[in-house]
Amino acid sequence: MANIDTEHEIAMPPVKPGPLPAVRRENGRWAGYWHLLIAGFRGLMREPEVVFWVFIFPILLALGLGLAFPNRPVGSSRVAIVSGSGAQRALDLLKPSSAKGLVRAEVLSAQDAWNRFRLGKYDLVVTPHADRSFEYRYDPARNESLLARAAVEDAMQTAAGRKDPLSTSAHVSSEPGARYIDFLIPGLLGMNLMASGLWGIGYALVEMRQRKLLKRYAATPMRRGDFLFALASGRLLLALLQLLLLLGFGVLAFHMRILGSWISIFLIGTLGAFSFGALGLLTASRAQKAESVSGIINVVMMPMWIMSGVFFSYEHFPAVMQPFIKALPLTAFNDALRAIVLEGASLAAQQVRLLILCLWGGLSFFLAVRWFRWT
Amino acid sequence: MNLAIRCRNLRKTYDDRVEALRGLDLEIRVGECFGLLGPNGAGKTTTIEILEGLLAPTSGEVEVLGRTWDTHSRELREMLGISLQETRLNEKLTVRETLELFASFYRYPRPPLQVMEEMALTEKSDAWVEKLSGGQRQRLAVATALVADPQILFLDEPTTGLDPQSRRQLWEIVRQFQRRGGTVLLTTHYMDEAERLCDRIAIVDHGVMIASGTPAELIEKLGGHRMVEFTTAGGEFAADSWSSLPGVEAVHQGNGTVVLSVRRLHETVPALLAALESRGSDLLHLTTRDASLEDVFVRLTGRRLRED
């Protein structure tokens with residue numbers, strides 16, 4: 001560049017460009033953090049889908065599953081009686097039980113009875129024989145079928161005049177705490193925290209990177225730590241809100257009983273939110289495209305969805321898999337939360353599970369901070 | 001003379017293979033509007049992002065306002081206003097919220113309301129970003145740079161894809177900033193933009209600077225100030241059959257059109273007409289015009305700046 005004087009000096013220009021504004025504004029140390037936090041909340045609340053998935057969907061899921069699997073009083077067994085000469089006699093024998101609502105019996109042709117039993121519409125098929133005996137057809141692999149056989153056998157023998165040699169009496173006990181909904185709600189909460197950590201932090205960050213918004217922020221004097229801290233604390237507040245909402249719904253709609261202390265519940269919620277948030281940060285540390293990170297998120301979430309005991313107990317899985325399942329962060333969270341909510345356990349008793357959560361969170365956070373890219 | 005930006009022998013190699021910059025020197029003075037001009041892929045964005053401290057050079061020195069990114073990055077960030085190529089700001093925030101957010105990152109920002117007024121965004125103050133037109137978005141992007149109350153404004157392709165009116169609006173904003181003593185570095189592949197807006201220009205191609213100076217100087221270097229363009233029916237002739245005409249400094253042929261850069265029209269045009277007459281070829285089209293930066297670029301690289 002020949003046309004520039006080579007004996008220049010590099011210096012600050014003496015005047016700052018621009019007229020001085022009438023009132024000079026000076027930002028304090030935390031101005032950026034607060035604005036980021038508030039902007040994050042505004043962005044979230046203005047996205048109707050987010051409000052739905054975060055707040056409404058889990059409640060609907062709890063409501064749906066709670067209603068679909070109520071604790072049906074045992075004994076309303078569905079029984080098909082094959083039509084024929086003995087059918088009416090079977091119905092008569094079952095009448096006292098039917099009146100109590102323990103058995104629901106209907107007469108059908110042999111073909112229909114068999115088909116519907118096969119499809120699970122009936123738990124038991126009773127076939128009267130010419131010699132006045134009855135034949136049961138049941139499926140020993142189905143609990144309802146076993147129960148129906150026992151109930152019908154008992155009802156018919158008693159109605160036919162059987163005298164029991166032993167006198168017994170029974171007490172009905174259906175306590176909150178042991179029902180499916182009690183098991184389900186903490187699981188849903190764990191699943192929800194996992195999803196909002198991975199999608200709300202992981203996906204959101206990659207999307208911002210793809211839009212070059214992260215790069216734009218990095219081009220300002222914004223403190224990068226403040227940015228991540230604002231994102232994390234925003235999500236934490238949201239997580240605690242979700243926790244309050246779901247447990248509150250359980251208490252109000254299903255008379256769920258919270259045995260543990262709320263402080264322990266909030267602490268474990270915070271730890272869970274941190275752990276899954278860090279996992280989200282890790283998934284987002286490098287990916288450039290929203291499509292690729294959504295694949296990663298699904299791969300991370302799928303095993304935990306299935307194995308961590310959200311909808312059903314993981315005890316059903318083979319014994320060799322148990323140590324692996326118990327090492328998953330969602331399993332640790334669900335188990336610890338259930339122990340506190342349903343059994344009233346103390347936090348101290350959950351130290352192994354808390355340690356697992358801390359390890360997942362801490363390790364993910366450490367790696368994420370090392371690998372994180374702003375551009 | 002005070003320099004706002006100086007870089008020496010800047011090199012950037014991506015993944016050990018792609019050489020985006022191959023030794024670039026720049027000196028940008030305080031208070032000027034400097035344009036980096038070049039086709040897509042020339043290395044303009046790489047250069048500007050290195051100067052903005054967003055990208056580390058493979059080698060070379062960078063000084064901005066007398067400071068380096070290694071030692072004074074935080075201080076520098078307070079003094080620069082940056083508009084990246086195609087940033088999509090948060091769609092669900094309003095114009096005002098967006099500016100308040102960016103203002104909060106700086107220790108001494110300009111009042112967002114004032115910037116909004118200046119950028120003609122006041123009436124869109126409460127509109128969500130997703131509702132803005134292309135020109136309004138671009139003005140907002142520049143506004144997020146201006147709330148910094150910067151000493152240097154970096155604009156990477158600020159008018160790409162904008163309609164003529166929005167482009168002019170942005171040019172006016174740049175001039176306004178400059179009038180208050182600010183320094184501007186912008187990249188563009190629009191020649192007319194560079195010619196009208198920039199005090200000095202560097203033409204970049206394949207990662208090196210191939211020419212620099214004021215627009216007038218660059219055109220002067222071309223040799224001729226005037227261009228003669230013509231088309232004949234008789235097909236193309238060898239370039240030297242035109243370069244021998246009186247006053248012709250350079251010849252460029254393409255798509256059947258011959259472009260001569262000449263010193264004096266009244267010498268060349270009659271001679272050209274006579275030459276065509278003697279060869280018996282029909283003249284289909286003839287225009288003369290002032291030389292532009294586009295001609296400079298074509299002359300230097302043999303290619304047009306934008307193939308469109």
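Residues numbered from 1 in each chain as written. Chains lettered and ligands numbered in written order. Predicted model: local features only at pLDDT ≥ 70, side-chain atom pairs only at ≥ 80, totals over all residues.

Looking only at helices and strands, chain A features 13 helices and four strands. For 375 residues, the compact-globule formula gives about 21 Å, and the C-alpha radius of gyration of chain A, at 31 Å, lies well above that figure. Dimensions of chain A, computed from C-alpha atoms along their principal axes, come out at roughly 120 × 45 × 45 Å. Per-residue burial for chain A yields a buried fraction of 35% across its 375 residues. Considering only residue pairs separated by 6 or more positions, chain A has 79% of its internal contacts joining residues 24 or more positions apart. (Helix = DSSP H or I, 4+ residues; strand = E, 2+ residues; numbered from the N terminus. Rg over C-alpha atoms; globule rule 2.2 N^0.38 Å. Buried ≥ 20, exposed ≤ 12 C-beta atoms within 10 Å, placed from the backbone. Contact = placed C-beta atoms within 7 Å.)

Here we come to the domain arrangement of chain A. What the domain assignment reports for chain A is domain 1 (77-159) and domain 2 (176-371). For domain 1 of chain A and domain 2 of chain A, the distance between their C-alpha centroids amounts to 48 Å. (Domains from an automatic or database assignment.)

Residues and elements named next belong to chain B. Counting all residues, the mean pLDDT for chain B is 89, and 95% of those residues have values of 70 or more. Here helix α9 (residues 240-243) is the element of chain B with the lowest mean pLDDT, 78, and helix α3 (residues 95-104) is the one with the highest, 96. Reported for the predicted complex are a pTM of 0.79 and an ipTM of 0.86. (pLDDT = per-residue confidence, 0-100.)

On to the packing of helix α3 (residues 87-99) of chain A against helix α5 (residues 143-159) of chain A, then. The geometry of a pair of packed helices is captured by two quantities: the angle between their axes and the separation between those axes. Residues and elements named next belong to chain A. Contact pair α3 / α5: the axes reach a minimum separation of 8 Å and the direction vectors enclose 110°. Classified by the angle between their axes, α3 and α5 sit roughly perpendicular to one another. Every pair of crossing elements has a handedness; the one defined by α3 and α5 is right-handed. Taken together, the residues of α5 that come into contact with α3 (itself represented by Leu-93, Leu-94, Pro-96 and Ser-97) are Val-152, Ala-155, Met-156 and Ala-159. Here the contact of α3 with α5 is built from residues that sort into seven nonpolar, one polar and no charged. (Axes fitted to C-alpha atoms, helices over the stretch in contact; angles between N-to-C directions. Parallel < 35°, antiparallel > 145°, perpendicular 65-115°, else oblique. Left-handed = near helix turned anticlockwise from the far one by under 90°. Nonpolar A, V, L, I, M, F, W, Y, C, P; charged D, E, K, R; others polar.)

Before going further, it helps to examine the environment of A:Thr375. Among the structural elements, A:Thr375 can be located in the segment after α13 (351-371). Judged by local crowding, A:Thr375 falls into the partly exposed class, with 13 C-beta atoms found within 10 Å. Along the primary structure A:Thr375 and A:Asn115 are separated by 260 residues, whereas in three dimensions their C-alpha atoms are 63 Å apart. Those residues in contact with A:Thr375 that lie beyond four places of it in its chain are A:Lys215 and B:Leu54.

Once that is clear, we can look at the nonpolar core. Core analysis: the largest hydrophobic core is formed by 144 residues, its most contacted members being A:Ile185, B:Ile5, B:Val142, B:Ala143, B:Val184 and B:Leu185. Not counting the four nearest positions on each side in its chain, B:Ala143 is found in contact with B:Leu99, B:Val115, B:Met116, B:Met119 and B:Leu121. The next biggest cluster of nonpolar side chains, apart from the first, holds 20 residues, and it includes A:Val82, A:Val103, A:Ala113 and A:Val126. (Core = buried A, V, L, I, M, F, W, Y, C linked by C-beta atoms within 7 Å.)

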